[in-house]
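Each chain, letter by letter, is given below.
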Protein chains: 2
Amino acid sequence: MTAGPHSPHTLMIRKLESIFRLSTEEKQALHDLPVQLQLLKADQDIVRIGDSPSQCCLLVEGYTCVYKLTTEGKRQIVAFYVPGDMPDLQSLHLKVLDNSLATVTPCTVGFIQHEDLRRICDRYPRITAALWRETLVDASIFREWVLNVGRRDAFSRMAHLLCEFRVKLKAVGLAEDDTFDLPLTQGELADAIGTSNVHVNRVLQDLRAKDLIRSKGTQVTIPDWEKLKAVAGFDPLYLHLESEEVAA
Amino acid sequence: MTAGPHSPHTLMIRKLESIFRLSTEEKQALHDLPVQLQLLKADQDIVRIGDSPSQCCLLVEGYTCVYKLTTEGKRQIVAFYVPGDMPDLQSLHLKVLDNSLATVTPCTVGFIQHEDLRRICDRYPRITAALWRETLVDASIFREWVLNVGRRDAFSRMAHLLCEFRVKLKAVGLAEDDTFDLPLTQGELADAIGTSNVHVNRVLQDLRAKDLIRSKGTQVTIPDWEKLKAVAGFDPLYLHLESEEVAA
DNA sequence: CGTACGCTTGACTCGTGTCAAAGCCAGTGG
DNA sequence: CCACTGGCTTTGACACGAGTCAAGCGTACG
């Protein structure tokens, strides 16, 4: 569950490699990327909308989220990120950030300079492709979230979010069979599925009453994966993982 | 308003160049991309979820949309595309499509083989960056849509969608000062903002009653841009256009 | 031990969905 | 040239999901 004996890059490289089968040289180049590690507390902005960062953030441990605010101050979380993700990789090509990135738990993050990333991309087109692909998967997840928020009721929305968490965490080895850690407040869940926190509470009770989920502290367990998938209308296709991981 | 004397690539190249200032050689390489033109009727799928196309679609004339369906068959449109866009550029790196792409009006589209795109990307890293950036802007728009659908009421959502259309169309020269063509049914608008078509009808009437929009056939005019932006909570930052276009 | 934050509950309100019927074209064919 | 048709828009009545408000509860932490 901790970063353990890995280098900060390990999870990211493993993820890139699961699709692209990089050469030893390419992997080495990634390993050699200078990373400035930093420990952050929970509920802390990493970068803010309007910023023009000169570095990307690599999430090593903990969960982060990307959020936006309406002019009236309502918050919408548009993505959660788990270890191995690069939550603001977009900043490599978009000069100014259109969203804010914040920790939701205490986090270990590594910062990689844009110039270092650009150098490695120029030299290794396959790494460029792999990183590009990462941003495309992000985009695919956003599309699914639009569907989720736009066309499912609160009950299915929540079920869908839980399904997504399970699959993403399993893919990086942070979930056992059927249980994983979900250290989010009901307010954060509400901001993610576009409802009120009161209603999140009712929906969670309903999910528990129907035995679709069980929870102990921040641990969530899913007794019947197929049943939860069904009520969520969840199809992992949009996560674009390789089949072994999804099947699990 | 028609494709006119342009080659099919013109709008796309102009868009890429507005950010990246490509060299003559790079522009020529783009111009030389083989494109297979095709005329399509309205309401026709171009590619479907689950497909693995070997080509990308370049929209030359008309509007297309990307949509997804819930298991119960509810449709959510997650993006609209206008001439100059490449609505399924993602397929270059994601083997299987996670959404469907359809025309909403009669369209002229050009198909570009993936292998041709990959070849040009390998040779010209700046073109890679420009195309990558395009997909990042798409992702940014998806994020804004999550906010739109999740945290704004139907009235603001519709206003926001209209603002986005105006800015995108102006950027490719398809909108005069304050009026543009919006040949969408209320059902399509409903699928885009995640409400029922009946409610779309009421919201549009409300917008007209408040003189925030006027419409004649499919033509929409915006009498007071600042006022519409205000009720929509619209900030064009997320479209990542260069400032001259946005200001207009 | 208290204080703060998050969770839970109930009552009430309100935005939207649903259903069903009617009106309005624009295109088609007789 | 006009009646027919089908798709889209418009309307009204009603139902329901979800938001809001406000109070009370639990618990982790200083």
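The model shown is predicted, which means the values in this text are computed figures rather than measured ones.

### What about the packing of aromatic side chains?
(1) Moving on: As enumerated under the stated definition, the model contains eleven aromatic pairs over all chains in all.
(2) Moving on: Here the aromatic rings of Phe 80 of chain A and Phe 165 of chain A are separated by 5.2 Å at their centres, their planes lie at 45°, and the arrangement is tilted. Of this pair, Phe 80 of chain A sits in strand S5 (residues 75-81) while Phe 165 of chain A sits in helix H5 (residues 154-171); the two residues are 85 residues apart in sequence, bridging distant segments of the chain. Like Phe 165 of chain A, Phe 80 of chain A is buried.
(3) Moving on: Taken together, the aromatic side chains of Tyr 63, Phe 80, Trp 145 and Phe 165 of chain A make up a single cluster linked through ring pairs.
(4) Moving on: Sitting above the plane of the Tyr 67 of chain A ring, Arg 75 of chain A keeps its charged end 5.3 Å from the centroid.
(5) Moving on: The ring of Tyr 81 of chain B has Lys 168 of chain B sitting right over it, with the charged end atom 5.5 Å from the ring centre.

### A look at the protein's contact with DNA strand D
(1) Moving on: With respect to spatial proximity, 16 residues lie near DNA strand D, and among them Thr 195 and Ser 196 of chain A together with Gln 186, Asn 201 and Gln 205 of chain B are the closest.
(2) Moving on: Side-chain polar atom of Asn 201 of chain B to a phosphate oxygen of DNA strand D: 2.6 Å apart, as the coordinates give it.
(3) Moving on: In the environment of DNA strand D, a phosphate oxygen lies 2.5 Å from a nitrogen or oxygen atom belonging to the side chain of Gln 205 of chain B.
(4) Moving on: For the surface near DNA strand D, the secondary-structure elements that each account for two or more residues are helix H7 (197-209) of chain A together with helix H6 (186-193) and helix H7 (197-209) of chain B.
(5) Moving on: Counting residues per element, the surface near DNA strand D draws most heavily on H7 of chain B, at five residues.
(6) Moving on: Looking at the surface near DNA strand D, its residues break down into three nonpolar, nine polar and four charged.

### Describing unusual backbone geometry
All names here are of chain A.
(1) Moving on: The residue Asp 43 is not glycine, and still its phi comes out positive at about 55°.
(2) Moving on: Following the sequence through the fold, Asp 43 ends up in the loop between strand S1 (36-40) and strand S2 (45-47).
(3) Moving on: Exposure remark for Asp 43: the relative accessible area of 59% places this residue in the exposed category.
(4) Moving on: Its identity is not glycine, yet Asp 211 carries a phi of approximately 55°, on the positive side.
(5) Moving on: Note on placement: Asp 211 falls in the loop between H7 and strand S9 (214-216).
(6) Moving on: Overall, the relative accessible area of 30% leaves Asp 211 in the partly exposed class.

### Comments concerning the UniProt feature "domain: HTH crp-type" (unreviewed entry) in chain A
(1) Moving on: Under the UniProt annotation, "domain: HTH crp-type" (unreviewed entry) lies at residues 152-226 of chain A.
(2) Moving on: Note that residues 152-226 of chain A is 55% helix and 12% strand, and that its end C-alpha atoms are spaced 18 Å apart.

### A word on the sheet that holds strand S5 (residues 75-81) of chain B
Residue and element names in this part refer to chain B.
(1) Moving on: The strand order across the open sheet built from four strands is S2-S6-S4-S5, with neighbouring strands paired in antiparallel fashion. The two strands at the open ends of the sheet, each matched to only one other strand, are strand S2 (45-47) and S5. When strand polarity is set aside, the average angle formed by the axes of neighbouring strands in this sheet is 35°.
(2) Moving on: In this sheet, strand S6 (residues 100-103) lies alongside strand S4 (residues 64-69) in antiparallel orientation, the contact comprising four bridges. Of the residues in S6, the one forming a bridge with Thr 64 is Thr 103.

### A closer look at the interface of chain A and chain B
(1) Moving on: Every contact between the two is made by 54 residues of chain A and, on the other side, 54 residues of chain B.
(2) Moving on: Considering only the surface of chain A that becomes buried against chain B, Trp 132, Arg 143 and Arg 151 of chain A emerge as the three largest contributors, covering 21% of it.
(3) Moving on: Inspection of the chain A/chain B interface yields six salt bridges.
(4) Moving on: A salt bridge links Arg 151 of chain A to Asp 191 of chain B; the shortest N-O distance between them is 2.9 Å.
(5) Moving on: For the pair chain A and chain B, the number of links is 18 residue pairs in polar contact (both at pLDDT 80 or more).
(6) Moving on: Looking at the side of chain A that touches chain B, the elements that each hand over two or more residues are helix H1 (10-20), strand S4 (64-69), S5, helix H3 (114-123), helix H4 (125-151) and helix H6 (186-193) of chain A.
(7) Moving on: For the side of chain A that touches chain B, the element with the highest residue contribution is H4 of chain A, accounting for 20 residues.
(8) Moving on: Residues of the side of chain A that touches chain B, tallied by class, amount to 27 nonpolar, 14 polar and 13 charged.

### Some points on H6 of chain B
At 3.6 residues per turn, the α-helix brings residues three or four places apart onto the same side.
(1) Moving on: Of all eight residues in H6 of chain B, six are buried; the element is thus mostly enclosed.
(2) Moving on: The complete set of buried residues in H6 of chain B reads Glu 188, Leu 189, Ala 190, Asp 191, Ala 192 and Ile 193 of chain B.
(3) Moving on: Of the surrounding elements, those touching the buried residues of H6 of chain B are H4 of chain A together with S5, helix H4 (125-151), helix H5 (154-171) and H7 of chain B.
(4) Moving on: Positive backbone phi, approximately 70°, marks Gly 194 of chain B, located one or two places after H6 of chain B.

### Looking at the environment of Ser 91 of chain B
Residue and element names in this part refer to chain B.
(1) Moving on: Position of Ser 91 among the secondary structure elements: in the loop between S5 and S6.
(2) Moving on: Looking at Ser 91, the relative accessible area reads 6%, which means it is buried.
(3) Moving on: For Ser 91 and Pro 53, which are 38 residues apart along the polypeptide, the C-alpha to C-alpha distance reads 6.9 Å.
(4) Moving on: Setting aside residues up to four positions removed in sequence, Ser 91 forms contacts with Pro 53, Gln 55, Cys 56, Leu 97 and His 114.

### What to know about the relation of the copies chain A and chain B
(1) Moving on: Screw-axis analysis of chain A against chain B gives a translation of 0.0 Å along the axis, an RMSD of 0.0 Å, and a rotation angle of 180°. What the superposition gives is, in effect, a two-fold axis relating one chain to the other.
(2) Moving on: Here 100% of the interface residues in chain A have copies in chain B that are interface residues too; the copies meet face to matching face.

### Some points on the protein's contact with DNA strand C
(1) Moving on: Near DNA strand C lie 15 residues; those nearest to it are Gln 186, Asn 201 and Gln 205 of chain A together with Ala 154 and Thr 195 of chain B.
(2) Moving on: One of the backbone N or O atoms of Ala 154 of chain B is found 3.0 Å from a phosphate oxygen in DNA strand C.
(3) Moving on: Interatomic distance of 3.4 Å between a side-chain N/O atom of His 199 of chain B and a phosphate oxygen of DNA strand C.
(4) Moving on: Taken together, the elements giving at least two residues each to the surface near DNA strand C come down to H7 of chain A together with H7 of chain B.
(5) Moving on: Considering every element that reaches the surface near DNA strand C, the biggest residue donor is H7 of chain A, with five residues.
(6) Moving on: Here the surface near DNA strand C is built from residues that sort into three nonpolar, eight polar and four charged.

Analysis parameters
Residues numbered from 1 in each chain as written. Chains lettered and ligands numbered in written order. Predicted model: local features only at pLDDT ≥ 70, side-chain atom pairs only at ≥ 80, totals over all residues. Heavy atoms only, no water. Phe/Tyr/Trp six-rings, centres within 6.5 Å; stacked < 30°, edge-to-face > 60°. Helix = DSSP H or I, 4+ residues; strand = E, 2+ residues; numbered from the N terminus. Buried < 20%, exposed > 50% of the residue type's maximum accessible area, 1.4 Å probe, protein only. Lys NZ or Arg CZ within 6 Å of the ring centre and 35° of its normal. Near = heavy atom within 4 Å. Polar contact = N/O pair within 3.5 Å; in protein donor to acceptor, adjacent residues only side chain to side chain. Nonpolar A, V, L, I, M, F, W, Y, C, P; charged D, E, K, R; others polar. UniProt positions renumbered as here; feature names shortened; annotations may be inferred. Pairing = 2+ DSSP bridges. Axes fitted to C-alpha atoms, helices over the stretch in contact; angles between N-to-C directions. Contact = heavy atoms within 4.5 Å. Buried area = accessible area lost by both parts, 1.4 Å probe. Salt bridge = Lys/Arg side-chain N within 4 Å of Asp/Glu carboxyl O. Least-squares fit on C-alpha atoms with pLDDT ≥ 70 in both.

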